[in-house]
Amino acid sequence: MISQQSRHCTVELQALPSRIRQVRRIVSAQLRYWHLDPLIDQAALGVTELLSNVHRHAEPDKECIVEIELMLDRLTVSVHDHDPRLPEVHDADPFATCGRGLAMVAAVSESWGVCPQGDAGKTVWFTLPAPSPTAIVPSYPVYDAAAKTPARSAVAG
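Criteria and cut-off values
- Residues numbered from 1 in each chain as written.
- Predicted model: local features only at pLDDT ≥ 70, side-chain atom pairs only at ≥ 80, totals over all residues.
- Heavy atoms only, no water.
- Helix = DSSP H or I, 4+ residues; strand = E, 2+ residues; numbered from the N terminus.
- Expected span 1.5 Å × (residues − 1).
- Buried < 20%, exposed > 50% of the residue type's maximum accessible area, 1.4 Å probe, protein only.
- Arc of directions from axis to C-beta.
- Contact = heavy atoms within 4.5 Å.
- Pairing = 2+ DSSP bridges.
- Core = buried A, V, L, I, M, F, W, Y, C linked by side-chain atoms within 4.5 Å.
- 1 Å grid on protein atoms, 1.4 Å probe; cavity = no way out; pocket = protein on both sides within 12 Å on 5 of 7 lines; lining within 4 Å.
- Points joined across faces, edges and corners; volume = space filled by probe spheres on them.
- Nonpolar A, V, L, I, M, F, W, Y, C, P; charged D, E, K, R; others polar.

- The protein has the name ATP-binding protein in an unreviewed UniProt entry, where Streptomyces huasconensis is given as its organism.

Thoughts on helix α1 (residues 17-33)
Part 1 of the reasoning: The terminal C-alpha atoms of α1 lie 25 Å apart, and with 17 residues this matches the ideal 24 Å at 1.5 Å per residue to within 8%.
Part 2 of the reasoning: Burial in α1 covers these residues: I20, V23, V27, S28, Q30 and L31. The buried residues of α1 occupy an angular sector of 165° when projected down its axis, which confines them to one face. Residues of α1 that are exposed and angled more than 90 degrees away from the buried face: R25 and Y33.
Part 3 of the reasoning: Positive backbone phi, approximately 60°, marks H35, located one or two places after α1.

Regarding the environment of E63
Part 1 of the reasoning: Looking at the secondary structure, you find E63 in strand β3 (residues 63-71).
Part 2 of the reasoning: Along the backbone, E63 and L13 are 50 residues apart, and their C-alpha atoms lie at a distance of 5.8 Å.
Part 3 of the reasoning: Once you skip the residues sitting within four places of it in the chain, E63 turns out to touch L13, Q14, H80, D81 and H82.

Looking at the pairing of strand β6 (residues 122-129)
Part 1 of the reasoning: Buried residues dominate β6, accounting for six of its eight residues.
Part 2 of the reasoning: Pairing of strand β4 (residues 74-81) with β6, which is carried by eight bridges, proceeds in the antiparallel orientation. The partner of R74 across the bridge, within β6, is P129.
Part 3 of the reasoning: Here strand β5 (residues 111-116) pairs with β6 via six bridges, running antiparallel. In the strand pairing of β6, G113 is matched with W125.
Part 4 of the reasoning: Once β5 ends, the chain turns through five residues before running back antiparallel as β6, passing G118 with a positive phi of about 60°.

Points about the nonpolar core
Part 1 of the reasoning: The biggest cluster of nonpolar side chains holds 31 residues, and the ones touching the most others in it are V23, L31, V47, L51, V66, L75 and V79.
Part 2 of the reasoning: For this core, the secondary-structure elements that each account for two or more residues are β2 (8-14), α1, α2 (40-57), β3, β4, α3 (101-108) and β6.
Part 3 of the reasoning: No other element matches the six residues that α2 contributes to this core.
Part 4 of the reasoning: The contact partners of V47, leaving out residues within four places of it in the chain, are V23, V27, V66, V77, V79 and F126.

Here's the deal with the layout of surface pockets
Sizing a probe to match a water molecule and rolling it over the atoms shows the empty space that remains.
Part 1 of the reasoning: For the largest pocket, the calculated volume is near 570 Å³.
Part 2 of the reasoning: Along the walls of the largest pocket sit 28 residues, with N53, H57, P87, E88 and L102 positioned nearest its centre.
Part 3 of the reasoning: Of all the secondary-structure elements, those providing two or more residues to the lining of the largest pocket are α2, β4, α3 and β6.
Part 4 of the reasoning: When grouped by side-chain class, the residues that make up the lining of the largest pocket number twelve nonpolar, eight polar and eight charged.

Description of the environment of A43
Part 1 of the reasoning: One can find A43 in helix α2.
Part 2 of the reasoning: Spatially, the C-alpha atom of A43 lies 7.3 Å from that of V77, the residues being 34 residues apart in sequence.
Part 3 of the reasoning: Not counting chain neighbours up to four residues away, the residues in contact with A43 comprise V27, L31, L75, F126 and L128.

Remarks on unusual backbone geometry
Part 1 of the reasoning: The linkage connecting E59 with the following residue, P60, adopts the cis geometry, with an omega of 10°.
Part 2 of the reasoning: Unlike most non-glycine residues, L72 shows phi in positive territory, near 55°.
Part 3 of the reasoning: Of note, L72 is situated in the loop between β3 and β4.

What follows is the structure, given as structure tokens:
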């Protein structure tokens, strides 16, 4: 189920590999819709890592909720699962093939954390700084067709 309000999107899923790829595409599409293309790679990487942790470690089930929310100049991505155990950042061996997920989330995000919710599970989240709306929409000069020169625009750019 996907619900969407002006700057909020929620996806409920079972964290299986095929669904993780699908949520990654949903997050990317939502960020494009919000004109936040510069954040797509970081957000997609972060949500993939968090959902992979749910897939590998969460008990008693793999059910989870992904939320993305844009508030002012911050994008927050969070994953809630039913497992009350809190994740830990480990120093992975350089040749290890796993164990770096939270370290990567920390590296690509502005901040991250965990909100324990007792027996109801936990929410793991990260934030990314969102570009200001003026940085997203480029301003183009308005041309005076008669003079064939750029004219002053009444629109601030």
